[in-house]
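# An overview of the molecular structure
Spelled out from the first residue to the last, the chains are:
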Amino acid sequence: MANLSDEQWRSFSEHLDQALQLPEADLPGWLAALASSQPQVAAEVQRKLQARHRDGFASFLSEQLIVNPQQAGEPLVGRQVGHYTIESEIGRGGMGSVWRAHRTDGRFEGTVAIKFVHTYWLGRRAAEERFLAEGRLLGRLSHPHIARLIDAGVFDDSMPYLVLEYVEGKPIDEYCQRRHLDTGSSVALFRDVLAAVAHAHSHLIIHRDLKPSNILVTHDGVVKLLDFGVAKLLGEEASATRTAAPALTPQYAAPEQLQGEAVTTATDVYALGLVLYRLLTGQHCVQTDGRSTADIYHAVIEVPPSRASRMADIPPATRRALEGDLDNILGKSLRKDPDERYGSIGEFAEDLRRYLAHEPVRARPDTVPYRLRKFVRRNRGSVFGGMLVALGLIGTSVFALMQMREARAQRDLALDEARRASAEADLTQYILDDRLSKLTPQAEHERLDRAREFIGSRFQAQPTLTAQLLIDLSGRYIDLGDFTTAAEVIVEADGIGHRSDDATVLGQIACLRTEDLAIARDYVSARGQLTAGIAQMRRLRPVPWQVEAECATAEAFVLQADGNFDVPATHLRQTLAHLQADGLHGSGRYFSTANDLARAYLLAGRYRQALDISVANVELAQQLGRADTYSAAIYATYVCQALRNGGQPRRAVEYLDAHTARMRASGGDESLSAATIGCRGVALLDQGQVQTAQPAILMAMQKAERGAATYVASQYHAAAVAAAIARGDLAGAEGLWEPLAKDESERLAAKRRGVEVVRLLLVHAQLDLARGHPDDALASLARGESILQARHQPSNPEAWDIESLRSRALLSKADYAQAMRHAQNALDLARASAIDPQSSHYIGEALLWRARAEAAQGDKHSAASAHEALPHLINNLDLGNPLIAEAQKLASP
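No experiment lies behind these values; they were computed from the predicted model shown. (Residues numbered from 1 in each chain as written. Predicted model: local features only at pLDDT ≥ 70, side-chain atom pairs only at ≥ 80, totals over all residues. Heavy atoms only, no water.)

## Focus on the overall build of the protein
Counting secondary structure elements, the protein contains 38 helices and 11 strands. Looking at the 893 residues of the protein, the share that counts as buried comes to 49%. Taking the intrachain contacts of the protein between residues at least 6 apart in sequence as the baseline, contacts between residues at least 24 apart amount to 63%. Total accessible area on the protein stands at roughly 40700 Å², and carbon and sulfur atoms take up 53% of it. (Helix = DSSP H or I, 4+ residues; strand = E, 2+ residues; numbered from the N terminus. Buried < 20%, exposed > 50% of the residue type's maximum accessible area, 1.4 Å probe, protein only. Contact = heavy atoms within 4.5 Å. Areas by Shrake-Rupley, 256 points an atom, 1.4 Å probe, with all protein chains shown as cover.)

## Re the environment of Ile114
By secondary structure assignment, the location of Ile114 is in strand S4 (residues 111-117). Sequence separation between Ile114 and Leu162 is 48 residues; the distance between their C-alpha atoms is 5.6 Å. Apart from residues lying up to four places away in sequence, Ile114 is in contact with Val81, Tyr84, Ile86, Ser97, Val98, Trp99, Ala101, Tyr161, Leu162 and Val163.

## Section: the packing of aromatic side chains
Taken as a whole and judged by the stated rule, the model has five aromatic pairs. Here the aromatic rings of Phe591 and Tyr635 are separated by 5.1 Å at their centres, their planes lie at 10°, and the arrangement is stacked. Taken together, the residues Phe591 in helix H24 (residues 588-603) and Tyr635 in helix H26 (residues 630-645) connect sequence positions 44 residues apart. Neither Phe591 nor Tyr635 differs from the other in exposure class; each is buried. A centroid spacing of 4.5 Å and a plane angle of 65° characterise the contact between Trp800 and Tyr842, whose relative ring orientation is edge-to-face. Residue Trp800 is found in helix H34 (residues 798-812), and its partner Tyr842 is found in helix H36 (residues 841-856); the two are separated by 42 residues along the sequence. (Phe/Tyr/Trp six-rings, centres within 6.5 Å; stacked < 30°, edge-to-face > 60°.)

## Quick look at the pairing of strand S9 (residues 215-218)
Neither face of S9 is open: one carries Ile215 and Val217, the other Leu216 and Thr218, and all of them are buried. Relative to S9, strand S7 (residues 169-171) runs antiparallel, the two being bridged by three bridges. Across the sheet, the residue bridging to Gly169 is Thr218, located in S9. As paired strands, S9 and strand S10 (residues 223-225) are joined by three bridges and run antiparallel to one another. Across the sheet, the residue bridging to Leu216 is Lys224, located in S10. Hairpin connection of S9 to S10: four residues between the antiparallel strands, including Gly221 at a positive phi of 85°. (Pairing = 2+ DSSP bridges.)

## Quick word on the confidence of the model for the protein
Per-residue confidence for the protein gives a mean pLDDT of 77, with 75% of residues at or over 70. By mean pLDDT, helix H8 (residues 238-244) is the weakest element of the protein at 35, and H36 is the strongest at 94. Segment residues 119-128: pLDDT under 50, and 30 contacts once partners within four positions in sequence are set aside and those in other chains are kept. Every residue in residues 235-247 scores below 50 in pLDDT, and together they form 13 contacts with partners more than four places removed in sequence or on other chains. (pLDDT = per-residue confidence, 0-100.)

## Quick notes on the state of the cysteines
By the definition in use, this model includes two disulfides. With its sulfur 2.1 Å from that of its partner, Cys640 forms a disulfide with Cys679. Judged by the sign of its S-S torsion, about -100°, the bond between Cys640 and Cys679 is left-handed. Here Cys640, found in helix H26, pairs with Cys679, found in helix H28 (residues 674-687); they are 39 residues apart in sequence, far enough to count as distant. Just as Cys640 is buried, Cys679 falls in that class too. For the protein, the bonded cysteines pair up as 1-2, 3-4 when numbered in the order they occur along the sequence. (Disulfide = S-S within 2.5 Å.)

## Considering the side chain of His841
Summarising the element assignment, His841 is placed in helix H36. In contact with His841, other than residues within four places in its own chain, are Gly647, Pro649, Asp686, His872, Leu873, Asn876 and Leu877.

## Topic: unusual backbone geometry
Positive phi outside glycine occurs at His180, with the angle close to 55°. Along the polypeptide, His180 turns up in the loop between helix H6 (172-178) and helix H7 (183-202).

## Structural notes on the sheet that holds S7
Read from one edge of the open sheet, three strands run S7-S9-S10, paired in antiparallel fashion. Strands at the two margins of the open sheet, each flanked by one partner only, are S7 and S10. Averaged over all adjacent pairs, the angle separating strand axes in this sheet is 35°, with direction ignored. Against the sheet, H7 contacts S9 and S10, and its axis sits at roughly 35° relative to S10. (Axes fitted to C-alpha atoms, helices over the stretch in contact; angles between N-to-C directions.)

## A closer look at H24
In a regular helix each residue adds 1.5 Å, so 16 residues correspond to 22 Å; H24 covers 23 Å between its end C-alpha atoms and thus fits that length. The buried fraction of H24 is high, at 15 of 16 residues. Among the residues trailing H24, Gly605 stands out with phi positive, at a value near 80°. (Expected span 1.5 Å × (residues − 1).)

## Quick look at the environment of Gly507
When you line up the elements, Gly507 lands in helix H20 (residues 503-519). In this structure Gly507 comes out as buried when scored by relative accessible area, which is 0%. Sequence separation between Gly507 and Ala532 is 25 residues; the distance between their C-alpha atoms is 7.2 Å. If near-sequence neighbours (up to four positions away) are discounted, Gly507 is found in contact with Gly533, Gln536, Val547 and Cys551.

## Some remarks on the environment of Asp628
Within the secondary structure layout, Asp628 lies in the loop between helix H25 (607-623) and H26. Taking the C-alpha atoms as reference, Asp628 lies 4.5 Å from Met663; in sequence the two are 35 residues apart.

## Points about the nonpolar core
A general trend in soluble globular proteins is that nonpolar side chains are found buried together. Ranked by internal contacts, the top residues of the largest apolar core, which has 63 residues, are Leu597, Ile613, Leu685, Ile697, Tyr716, Val721 and Trp737. Formed by 54 residues, the second largest nonpolar core is a distinct cluster that contains Val187, Tyr270, Leu280 and Ile301. (Core = buried A, V, L, I, M, F, W, Y, C linked by side-chain atoms within 4.5 Å.)

## Some words on the pattern of salt bridges
In the structure shown here, the tally under the stated rule is 23 salt bridges. Measuring nitrogen to oxygen at the nearest pair gives 2.9 Å for the salt bridge that ties Arg178 to Glu174. Here Arg178 and its partner Glu174 are both found in helix H6, four residues apart, which amounts to about one turn of the helix. Judged by its relative accessible area of 53%, Arg178 is exposed. Between Glu350 and Arg354 there is a salt bridge whose closest N-O contact spans 3.2 Å. One end of the pair, Glu350, and the other, Arg354, are both in helix H14 (residues 345-356), four residues apart, so they sit about a helical turn from each other. The exposure class of Glu350 is partly exposed, given its relative accessible area of 22%. On the basis of relative accessibility, which here comes to 16%, the residue Arg354 falls in the buried class. (Salt bridge = Lys/Arg side-chain N within 4 Å of Asp/Glu carboxyl O.)

## Section: the packing of helix H13 (residues 325-333) against H14
Here H13 crosses H14 at 175°, and the two axes come no closer than 10 Å. Overall, the two elements H13 and H14 adopt an arrangement that is roughly antiparallel. Mapping the contact onto sequence places Asp325, Leu326, Ile329 and Ser333 in H13 and Phe348, Asp351, Leu352 and Tyr355 in H14. Taken together, the residues that form the contact of H13 with H14 break down as five nonpolar, one polar and two charged. (Parallel < 35°, antiparallel > 145°, perpendicular 65-115°, else oblique. Nonpolar A, V, L, I, M, F, W, Y, C, P; charged D, E, K, R; others polar.)

Right, dumping it as structure tokens:
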């Protein structure tokens, strides 16, 4: 493109707008007149019009229309804009450019995106108003899935800018493709987009330019909606709509936008339907390659989109998933008439929720009766001549509707029978499990032995049910610590399954064995059993909920051992939705799967989700009258773990103590599990109550060892070393570490990438710091970091510990600049994972390490960092904790 002056660029833009409004027949004369006065501008306009005819209207508008030579390259890099310093350009379009910047006034740290309007648009009222409107609209919105407005101003007294939340991620279609998300996961992710748009609509704001490039997904799977540059307030005059029209992307424009008609919330519904279509098929329903402007307009305005399931080049499994409900949902969102689309984003989201929950959706298929109604509306005068045909079609539809109702009735009957069977199984579990804790161990064993005999005689004619009840019974023997009898019962169930070649029983047993082998750390055998279980699942159509849930848990155990936490969480969440859709909400299997999902969230560092799931489990157990059971205590323990890992150890202890008091008041079991005792002990250690914490941690370790729970035992063994260090008992810590040192060496030699080896390296680093060997500590932390990087996970809970310990080690080496950098890394990680970013002891500690480094360098901001740390520390730690005293000292002038 030719180099034009700013005045020529402004003239080019104005004349291009005029040219796009002229009839084709008038263009030659108009261009000739322009060429006589402004030849360069005329040449650029003509080149653009030729490009439109050659490449199609979509490519013409998606191309960067204007390049300002004064803003090309890197003239802004390093410039100060308000409190921020420009680092690099990250995006450019016809209206403006977007730059990455970081805050440099010393008060806060953080990365932002700064959006400028191009200088050649300045002075054009419509363009400036559109830019300023974006700031006003964003200022009204506050939603976790909308990139927020942080600040605004004018640069160099001439260039307006917006300071926006910096989002590092991929367009949603690219994210789904790269992660190989299945249909259900893509739909679940898309519902976050709907939530963001619904929030905008609730503030009377229509986005009007929804497309994959304006919807980013971060590395940890968080949706962020961007670019409200052409958004519109409901109630604005129609002229504002027409002014913004040229900035639209035609591929994602609704028919009414291309026709210049009124824009409503239904316009966003249509665009979202196009986005979902692309996510599910990988293709756009309107092909634009090589097509003329007229053809594209005709396709968008008149031609119904192809059903998603009939698109070419999609896998058979995806085709089957799209057939039926998703075809109907997409069809309703993409209706040409806005009145026939979903009435709101909420209705769209509700139908997708129903799809995920296997409930009937409200979207009606594009059937013969529907097309008949459309025909009647278009041809009122001639419709009576075809009345007989219409009546025949209606009669056929009524017959089909009756058949559909009969099929649904049969389905509902089957679901009722499944619920009844589940209720009977739960009643058995209630009798055999939850109330056994009130008996002596001998009485408990006798009750289980009688149950085993009863199952064998009562259900002899139902081998599948017999095997399934024996599988449940085996778990009760394990709770008593009788692994020998538990193994005998599983062998008995396995024999029944093989004699009848029952894939349901064989699949469930294989996945159960996968879990046992994974807990025993025999991952090779565990993977073999998981493969066998999945092979049995493939024989089943549909897959029974028992097998699906058991194998989802088994898969989670194996993948988590390899450091893969995202996939298990996704699959367990889907399984939980299936259980709820099948009417099994509140069943034993529902509780178990929900608990497994909470564990998966904990391992992935997603503490808010883990907390929500676990609290819901406890509350549901209370509603069902089972608050005093052993199972409810496990759910409460997961609440404790989520709160503690989310930065609130004091609240974790308070919650656990309150639950235990209620449990004992109602006559429940007074003995607590190793996990419950251990979580309370570690939370006390986090607070600084070392004298109280250490006995609890040692008790949890010993109880886990007696129960052969090796994973839990090793976890609290490591915590016991940390408690000894906190007490200043270095000799005791060395003694406790000795057996763990051997375990660490074996795991590193075997190149294990699981959670346990990283935690061992963290304890080793703590011990080296206590010994006064910071270089050895840094070496252990570097090995831990390399393991985390090999996982390719969006987030890792251990990352905060690594950065925090690095900062402390570097402080002891007087490397204050690096210590401050790692303290800042720890602070960013703590804020990202905190349950409440306003109250987290991890945030407080990271701020304190930063304040130490700042003070050592004579940085005047150390007092501000320490002052910011104080409420985080005071709200979550014991008031006698020395960290609070240190923060108070540093915060003093």
